[in-house]
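Structure assessment
Spelled out, the chains give:
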Amino acid sequence: MSGPSEFKPNNPALQWIERRLPILGLMHSSFVAYPTPRNLNYWYTFGAILSMMLGVQILTGVILAMHYTPHADLAFKSVELIVRDVNYGWLLRNMHACGASMFFFAVYIHMLRGLYYGSYKEPREVLWILGVIIYLLMMATGFMGYVLPWGQMSFWGATVITNLFSAVPYVGESIVTLLWGGYSVGNPTLNRFFSLHYLLPFLIAGVVVLHVWALHVAGQNNPDGVEPKTPKDTVAFTPYATIKDMFGVSCFLLFYAWFIFYMPNYLGDADNYIPANPGVTPPHIVPEWYYLPFYAILRSIPNKLAGVIGMFSAIIILCFLPWLDSARTRSSKYRPLAKQFFWIFVVVCVLLGYLGAQPPEGIYVVAGRVLTVCYFAYFLIVLPLLSRIEKPRPVPNSISEAILANSGKAVASVAVTLVAAGALLLGSLGDARASEGTDKPPGNKWSFAGPFGKFDRGALQRGLKVYKEVCSNCHSLNYIAFRNLADPGGPGYTAAQAAAFAAEYKVKDGPNEQGDMFERPGRTADYFPSPFPNEQAAAAANGGKAPPDLSLITKARSYERGFPQFIFDFFTQFQEQGPNYVDALLQGFEDNPPEGVTVPEGTYYNKYYPGHAIKMPKPLSDGQVTYDDGSPTTVAQYAKDVTTFLMWTAEPHMEARKRLGFQVFIFLIIFAGLMYFTKKKVWADAH
Amino acid sequence: MNPDASTIAAGAPIEVDLSPVAEGQDIKVFWRGKPIYISHRTKKQIDEARAVNVASLPDPQSDEARVKSGHEQWLVVIGICTHLGCIPIAHEGNYDGFFCPCHGSQYDSSGRIRQGPAPANLPVPPYTFVSDTKIQIG
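Residues numbered from 1 in each chain as written. Chains lettered and ligands numbered in written order. Predicted model: local features only at pLDDT ≥ 70, side-chain atom pairs only at ≥ 80, totals over all residues. Heavy atoms only, no water.

1. A closer look at the overall build of chain B
The criterion, for reference: Numbering of helices and strands starts at the N terminus; helices are DSSP runs of H or I of at least 4 residues and strands are runs of E of at least 2. Note that the radius of gyration is over C-alpha atoms, with the globule rule given as 2.2 Å times the number of residues to the power 0.38.
Looking only at helices and strands, chain B features 3 helices and 10 strands. Scanning chain B from its N terminus toward the C terminus, one meets helices and strands in the order α-β-β-β-α-α-β-β-β-β-β-β-β. For 138 residues, the compact-globule estimate of 2.2 N^0.38 gives 14 Å, and chain B sits close to it at 15 Å. The dimensions of chain B, computed from C-alpha atoms along their principal axes, are 45 × 35 × 25 Å.

This is how it looks when you write it as structure tokens:
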């Protein structure tokens, strides 16, 4: 992309094409012969990582869209069916959902790298502004994508964010109606968000082409911030930069795979496993972690319109960065004060992210205001001031000189820094479920925990019996078909046993040729029938509140782990809040509430239920269900078995996920090692 | 991209029968996808709502202006928080009215904002009394 190429293909057919469309020459000059500064470090591999992530998101997204139904009544179910029935659907969904987080994680590092090394300065202003545009498009795409599963957090996130536009004077309400396509967030909203979510990534890809074009015209910045002067200052893009990028990408894939295969729900919110309900607001609405700093800015400004303006200007201000910071020295490496303020700014952003996840009360509001001022002060006061008063250290005359001065200094250990930075950034996450005054469920040893966890087949079979004899009187299990009982990684029944189990049920079918509905014995393709014909009947029979469907209950319930526990959870792969809660709830009934606590008429005291007053009476008692395998018939055992069963119903492919994860890790570790040594060999003569 | 014809048609006025709602109770009905709270207020709630110095409110409006005269016991408001659109919970908060769990806005027994980040009172939808026990919303 930088002038006519010298490239001449040998093959006559390629020569024929090249004379008519010099695309090979373009590729050659852009990605092979293109000179890159010799002193680039691993922070500069994030451009390649981001390109890969865009590719992964588009590829998985296109396949997911083949199976997804954008309708308010069907969207939630279609996502569940993707995960359960589509071949490797769980993998596609995890890759796409975690991929969004990884995309933002990488883009934040990419942006902070640009900030640190002054990559926005003359002559790279347009390059930088294109980057800000990509970031804005990414935020819009990510937000609309999060709406598509149509869970509670999707719905209420969409409500809160679209309502931001109602703050615009005069035309606000009309803008919001246009976004909704109705009088509230509903089916038309979901349809247009799906359409836009499919469109925007291709716009991003287009702007990325401009971004790379601008990059290749201006040339890359580098950690020393001096332009390459002689050919000795640069190396060819291929093989030098490509192999380095390959190593960076393979390390990043290891980090990404950790989420895909072992922590798929770590970055999500349990509430999003509850189908959207326009009549009930979740107790605490939190956006995805990558929006939290801006959400904190929005909330810390007490005036609605000012808050919205503050939030958007926090991003738009980045466009003016090249002119706010007029210092001639590019890299913070040679700017002792700018360097310190940069790290303070990073801490401010992480803390804002943390506050964004906290309830807006008391000290959090005050801290949010202070940090919001700090955020803007960095751009509007610190940088303009520093560029006038700071006395930078002398910069090297050339890149080769800088390398000579640095020789012997080890390359920063990217993996360690990555994990540390990751933990810090993830620190901003914390699904703040309302749990005031509620005991935390005790931990439990689950057979399915950890990287090699498997379901205990005996417990699954006993749990199924408990569900069938007790829970199924009130609770449905809508996403489980009888055929699933014979699936690998499940309770371990044969197809014949599953068919016999199904035949015990009466299933409503029809209409027949006379136009009447009729009942027939269940087949394996049928789903577990609901105890009530519809939600209203279920609510009417249970004191006004329908018993929730149990298929996803162990993923739809959680409790706050708190800081710093949730950081350790990342390393220990702790994912069992849901099962712990369900198990504790089943055992948490107490006939006599503690002193001073009264529960309303028609509710029962439960130690672990938020608010303690639960409509469900104590469901299990000792000896209620008979076991054939000699396991103790106690409430504790019932609770553990049925919870294990419900964990399986929530995630039937968990064993396959962990098994494939192990194989992928072995592959990626070997691949990353090979890339590392190849890179060493390629760079041996360049150092 | 404005609402299509079927969406507009589905937003036609609805009639609600008030006779089953006892004093101190409220019901929630959906109109145009929005939850509408209809509260049968107690004497205490009405008195509280009228005792306030209107000028001291963030969004000054008298209780008389928010209900239909002759039907003071009935409060009809759109149950969408004017801050960012969450649904407040009835009979909670410090003002015998509504409490929004999202960002802590509190509304009184007349649906007026009293505390928290919301800028305005809960809006009153257009409605008329068809008879003493029936209203038409829209």
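2. Points about helix 7 (residues 152-164) of chain A
Residues and elements named next belong to chain A. To be explicit about the condition: By definition here, a helix of n residues has an expected span of 1.5 Å times n minus one. Buried residues are those whose accessible area, probed at 1.4 Å on protein chains only, stays under 20% of the maximum for their type, while exposed residues exceed 50% and partly exposed ones sit between those limits. In this description, contact between two residues means that some pair of their heavy atoms is separated by no more than 4.5 Å.
Between its first and last C-alpha, helix 7 extends 19 Å over 13 residues, near the 18 Å set by a 1.5 Å rise per residue. Helix 7 sits mainly inside the fold: 12 of its 13 residues count as buried. Of the residues making up helix 7, those classed as buried are Gln152, Met153, Ser154, Phe155, Trp156, Gly157, Ala158, Thr159, Val160, Thr162, Asn163 and Leu164. Looking at the buried side of helix 7, the elements it contacts are helix 6 (125-147), helix 8 (172-180), helix 9 (187-218), helix 11 (292-300) and helix 12 (304-316).

3. Quick look at the packing of helix 14 (residues 336-356) of chain A against helix 15 (residues 363-389) of chain A
Residue and element names in this part refer to chain A. Here is the rule: The axes used here are C-alpha line fits, helices contributing only the stretch in contact, and every angle between their N-to-C directions lies in the interval 0 to 180 degrees. Here the word oblique covers every angle except those under 35 degrees (roughly parallel), over 145 (roughly antiparallel) and from 65 to 115 (roughly perpendicular). In this scheme the crossing of two helices becomes right-handed for a clockwise turn of the near helix relative to the far one and left-handed for an anticlockwise turn of less than a right angle. Only Asp, Glu, Lys and Arg are considered charged, only Ala, Val, Leu, Ile, Met, Phe, Trp, Tyr, Cys and Pro nonpolar, and every remaining residue, Gly among them, polar.
Across the interface, helix 14 lies against helix 15 with an axial gap of 10 Å and an inter-helix angle of 155 degrees. Judged by the inter-axis angle, helix 14 sits roughly antiparallel to helix 15. The two elements helix 14 and helix 15 cross, and the hand of that crossing is left-handed. Contact residues: helix 14 offers Leu337, Ala338, Phe341, Phe342, Phe345, Val348, Cys349, Leu351, Leu352 and Leu355, while helix 15 offers Tyr364, Ala367, Gly368, Leu371, Thr372, Cys374, Tyr375, Tyr378, Phe379, Val382 and Leu386. A class-by-class count of the residues in the contact of helix 14 with helix 15 yields 19 nonpolar, 2 polar and no charged.

4. Notes on the environment of Tyr627 of chain A
All names here are of chain A. Condition: A 3.5 Å cut-off defines polar contacts: any pair of N or O atoms within that distance qualifies, except that in protein one atom must be a possible hydrogen donor and the other a possible acceptor, and neighbouring residues in sequence count only when both atoms are side-chain atoms.
By the secondary structure assignment, Tyr627 is in the loop between strand 6 (613-614) and helix 24 (635-650). With 11 residues separating them along the chain, Tyr627 and Tyr638 place their C-alpha atoms 9.8 Å apart. Engagement of the side chain of Tyr627 in a polar contact is seen with the side chain of Asp641, the distance being 2.8 Å.

5. Structural notes on the pairing of strand 10 (residues 134-137) of chain B
Residues and elements named next belong to chain B. For the record, the criterion: A pair of strands is labelled paired if DSSP reports no fewer than 2 bridges between them.
Burial of strand 10 is one-sided: the residues Ile135 and Ile137 facing one way are buried, the residues Lys134 and Gln136 facing the other way are not. Here strand 1 (residues 14-17) pairs with strand 10 via 4 bridges, running antiparallel. Bridge assignment links Asp17 to a residue of strand 10, and that residue is Lys134. Alignment of strand 9 (residues 127-131) against strand 10, held across 4 bridges, turns out to be antiparallel. Bridging from a neighbouring strand, Tyr127 pairs with Ile137 of strand 10. Hairpin connection from strand 9 to strand 10: 2 residues lie between these consecutive antiparallel strands.

6. Here we look at the domain arrangement of chain A
Interfaces are often sized by the amount of accessible area the parts lose when they come together. Note the cut-off: Here the limits of each domain have been adopted from an automatic or database domain assignment.
Domain boundaries in chain A define domain 1 (1-33), domain 2 (34-231 + 255-272), domain 3 (286-397 + 415-432) and domain 4 (457-480 + 527-652). Using C-alpha coordinates to define each centre, domain 3 of chain A is positioned 43 Å away from domain 4 of chain A.

7. Quick word on the interface of chain B and chain A
For clarity, the cut-off: By definition, the buried area sums, over both parts, the 1.4 Å-probe accessible area that each loses when the two are put together. Salt bridges are identified by distance alone: a Lys or Arg side-chain nitrogen within 4 Å of an Asp or Glu carboxyl oxygen.
Contact with chain B, which involves 22 residues of that partner, is made by 25 residues of chain A. Together chain B and chain A conceal approximately 1,900 Å² of surface at their shared face, both sides included; 62% is due to carbon and sulfur atoms. Per-residue buried area on chain B facing chain A is highest for Met1, Leu84 and His103 of chain B; these three make up 30% of the total on that side. Remark: the boundary between chain B and chain A carries 0 salt bridges.

8. Quick look at the pattern of salt bridges
For the coordinates displayed, the defined rule picks out 27 salt bridges over all chains. Between Arg462 of chain A and Asp629 of chain A there is a salt bridge, with the nearest N and O atoms lying 2.7 Å from each other. One end of the pair, Arg462 of chain A, is in helix 18 (residues 457-469); the other, Asp629 of chain A, is in the loop between strand 6 and helix 24, with 167 residues separating them in the sequence. Here Arg462 of chain A falls in the buried class, since its relative accessible area comes to 12%. As a salt-bridge pair, Glu48 of chain B and Lys44 of chain B come within 3.5 Å of each other at their nearest N and O atoms. You can see Glu48 of chain B and its partner Lys44 of chain B sitting in helix 2 (residues 43-51), 4 residues apart, about one turn around the helix. Taking relative accessible area as the criterion, Lys44 of chain B reaches 52% and is therefore assigned exposed. Residues participating in the shared-partner salt-bridge network are Lys121, Asp325, Arg335 and Glu390 of chain A.

9. Considerations on a nonpolar patch on the surface
Residues and elements named next belong to chain A. Which entries qualify depends on this criterion: A patch consists of residues exposed above 30% relative accessible area that lack any salt bridge, with like charges linked at up to 9 Å and nonpolar side chains (Val, Leu, Ile, Met, Phe, Trp, Tyr) linked at up to 5 Å. Only the protein chains shown count as cover for residues, and the accessible areas themselves come from Shrake-Rupley with a 1.4 Å probe.
Together, Leu14, Trp16, Ile17, Leu21, Ile23, Leu26, Met27, Phe31 and Val32 line one region of the surface with nonpolar side chains, adding up to about 760 Å² of accessible area. Within the residue set of the nonpolar patch, elements represented by two or more residues are helix 1 (12-20) and helix 2 (23-31). At 4 residues, the largest contribution of residues to the nonpolar patch is made by helix 2.

10. Concerning helix 9 of chain A
Given a rise of 1.5 Å per residue, 32 residues ought to cover 46 Å, and the 46 Å separating the end C-alpha atoms of helix 9 of chain A matches this to within 8%. A positive backbone phi angle near 80 degrees is found at Gly219 of chain A, which sits one or two residues after helix 9 of chain A.

11. Remarks on the packing of helix 10 (residues 237-262) of chain A against helix 25 (residues 654-683) of chain A
All names here are of chain A. Helix 25 packs onto helix 10 with a crossing angle of 165 degrees between their chain directions and a minimal axis gap of 9 Å. One finds that helix 10 runs roughly antiparallel with respect to helix 25. Helix-helix and strand crossings are classified by hand; for helix 10 and helix 25 the assignment is left-handed. Residues belonging to the contact of helix 10 with helix 25 are distributed by class as follows: 25 nonpolar, 3 polar and 4 charged.

12. Some points on the nonpolar core
Selection criterion: Only buried residues count toward a nonpolar core. Its members are Ala, Val, Leu, Ile, Met, Phe, Trp, Tyr and Cys residues joined through side-chain atoms within 4.5 Å.
Phe104, Phe252, Tyr375 and Phe379 of chain A are the most contacted members of the largest nonpolar core, which totals 136 residues. In contact with Phe104 of chain A, other than residues within four places in its own chain, are Tyr135, Met138, Met139, Trp289, Tyr290 and Tyr291 of chain A.

13. Description of the sheet that holds strand 4 (residues 74-78) of chain B
By definition, the strands of a sheet pair up through backbone hydrogen bonds, in either a parallel or an antiparallel sense. Residues and elements named next belong to chain B. Read across the sheet, 3 strands follow the order 2-3-4 without closing on themselves; strand pairing throughout is antiparallel. One side of each edge strand has no neighbouring strand; the edge strands of this open sheet are strand 2 (26-31) and strand 4. Averaged over all neighbouring strand pairs, the angle between strand axes comes to 20 degrees, with direction disregarded. Of the pairings in the sheet, the one linking strand 3 (residues 34-40) to strand 4 comprises 5 bridges and is antiparallel in character.

14. With respect to the environment of Ile49 of chain A
Residues and elements named next belong to chain A. Assignment of secondary structure puts Ile49 in helix 3 (residues 46-67). Residue Ile49 is classed as buried on the basis of its relative accessible area, which comes to 1%. Here the alpha-carbon distance between Ile49 and His197, two residues 148 residues apart in the chain, equals 21 Å. Beyond its immediate chain neighbours, meaning those up to four positions away, Ile49 contacts Ala106, Gly248, Val249 and Phe252.

15. Side note on the UniProt feature "domain: Rieske" (unreviewed entry) in chain B
Using the following cut-off: UniProt positions are given in the numbering used here, feature names are shortened, and annotations may be inferred rather than shown by experiment.
According to UniProt, the "domain: Rieske" (unreviewed entry) feature falls on residues 49-136 of chain B. Along residues 49-136 of chain B the backbone is 8% helical and 28% strand, and the end-to-end C-alpha distance reaches 24 Å.

16. A closer look at unusual backbone geometry
Residues and elements named next belong to chain A. Following Thr238, the chain continues to Pro239 via a peptide bond in cis, the omega torsion being 5 degrees. Considering the arrangement of structural elements, one finds Pro239 in helix 10. Between Gly510 and the following residue, Pro511, the backbone shows a cis peptide bond with an omega angle of 0 degrees. By secondary structure assignment, the location of Pro511 is in the loop between strand 3 (506-509) and strand 4 (518-521). Of note in this structure, Tyr88 is not a glycine but carries a positive phi near 55 degrees. Tracing the backbone shows Tyr88 in the loop between helix 4 (75-85) and helix 5 (89-116). On the basis of relative accessible area, Tyr88 is assigned to the exposed category, the value being 52%. With a phi close to 60 degrees, Gln573 is a non-glycine residue in the positive phi region.

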